[in-house]
Amino acid sequence: YVTDTSVCENKSIIWRGIEFKKGDGENTFTGPGDYRFYQTYDTKANGHACDSIYELRLHVDPIQSRVIDTTICADCPYLFADTLLNETGVYYDTIQTLAGCDSVLTLNLTVLDTTNIILFDTICVTEKCQWHGRILTESGDYDTITINQWGCKDYHYLHLNVIDTTSYSLEI
């Protein structure tokens, strides 16, 4: 009697009341591959002794693992396991292989900083403000984006107030 079956490397199987699993010793497998296990039973049929041999042909499918090392900028989240990530850390996901075995994904995520720089400045109407290559002479909010040493965006904001310096005379 022959039984052909498969099992994932990290799972066990019960065959004829015996558990077969990964490990050392009897009724174990050491990893992915093909294994054969036998059981012999003495039976009596019509007063005659007969041996019954049972064979288990076991195919062990591997579990798979993959490590992903990636670096992103804080303003560009990374999609992993249906989640947008933007914090440095180690993340895990388990998906099924075509054979139905677990496949473990490990993400080592490094998030590089971006910077928000907010400036407030006041100048007189007769002055000019030079900011990131621009000459500013009017009140307003200005912004620009630069790239830092890690290749990430830095956001710069300027609130400029231009005041009129026209002289006033006060009568006392």
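As shown above, the structure is provided for reference.
Now for a quick tour of the structure. Each chain carries its own residue numbering, running from 1 in the written order of its sequence. In view of the model being predicted, local features appear only for residues whose pLDDT reaches at least 70, and side-chain atom pairs are presented and counted only at 80 or more, with totals across whole chains, interfaces and linings using the full set of residues. In computing side-chain properties, one takes all heavy atoms of the structure into account and sets aside hydrogens as well as water.

A word on the pattern of salt bridges
Stage number 1. The working definition used for a salt bridge is a side-chain nitrogen of Lys or Arg within 4 Å of a carboxyl oxygen of Asp or Glu. Inspection of the entire model under this criterion finds 4 salt bridges.
Stage number 2. Residue K22 pairs with E9 through a salt bridge whose shortest N-O separation is 2.6 Å. Taken as a pair, K22 in strand 3 (residues 18-22) and E9 in the loop between strand 1 (2-8) and strand 2 (13-15) lie far apart in primary sequence, 13 residues in all.
Stage number 3. Burial here depends on accessible area, computed with a 1.4 Å probe over protein chains only, as a share of the maximum for the residue type. Under 20% is buried, over 50% is exposed, and the range in between is partly exposed. The buried category is assigned to E9, whose relative accessible area is 11%.
Stage number 4. With a shortest N-O distance of 3.4 Å, R57 and E55 are connected by a salt bridge.
Stage number 5. Salt bridges linked by common partners bring D4, R36, E55 and R57 together as one network. In this description a helix means any DSSP run of H or I spanning at least four residues, a strand means any run of E spanning at least two, and both kinds are numbered starting from the N terminus.

Examining the nonpolar core
Stage number 1. For the purposes of this section, nonpolar cores are sets of buried Ala, Val, Leu, Ile, Met, Phe, Trp, Tyr and Cys residues that join through side-chain atoms within 4.5 Å. Among the nonpolar cores identified, the biggest contains 11 residues, and these are V7, I13, W15, F20, F29, Y35, F37, Y54, L56, L58 and V60.
Stage number 2. At the level of secondary structure, the elements contributing two or more residues to this core comprise strand 2, strand 5 (33-45) and strand 6 (48-61).
Stage number 3. It is strand 6 that provides the largest number of residues to this core, a total of 4 residues.
Stage number 4. Should any heavy atoms of two residues lie within 4.5 Å, those residues are considered in contact. Ignoring sequence-local partners within four residues, the contact set of Y35 consists of F29, T30, L56, R57, L58 and V60.

Notes on the sheet that holds strand 10 (residues 89-96)
Stage number 1. What the 3 strands build is an open sheet, ordered 7-11-10; its pairing is mixed. Because the sheet does not close on itself, it has two edges, and the strands there are strand 7 (64-73) and strand 10. Direction aside, neighbouring strands of the sheet carry axes that sit 20° apart on average.
Stage number 2. At least two DSSP bridges between two strands are required for those strands to pair. Summarising the sheet, strand 7 and strand 11 (residues 102-112) pair through 10 bridges and their orientation is parallel. Each bridged residue has a counterpart across the sheet, and for C73 the counterpart in strand 11 is L112. Only the contacting stretch of a helix is used when fitting its axis, a line to C-alpha atoms as for every element, and angles between N-to-C directions run 0 to 180 degrees.

Read these as spatial facts, not as claims about activity.
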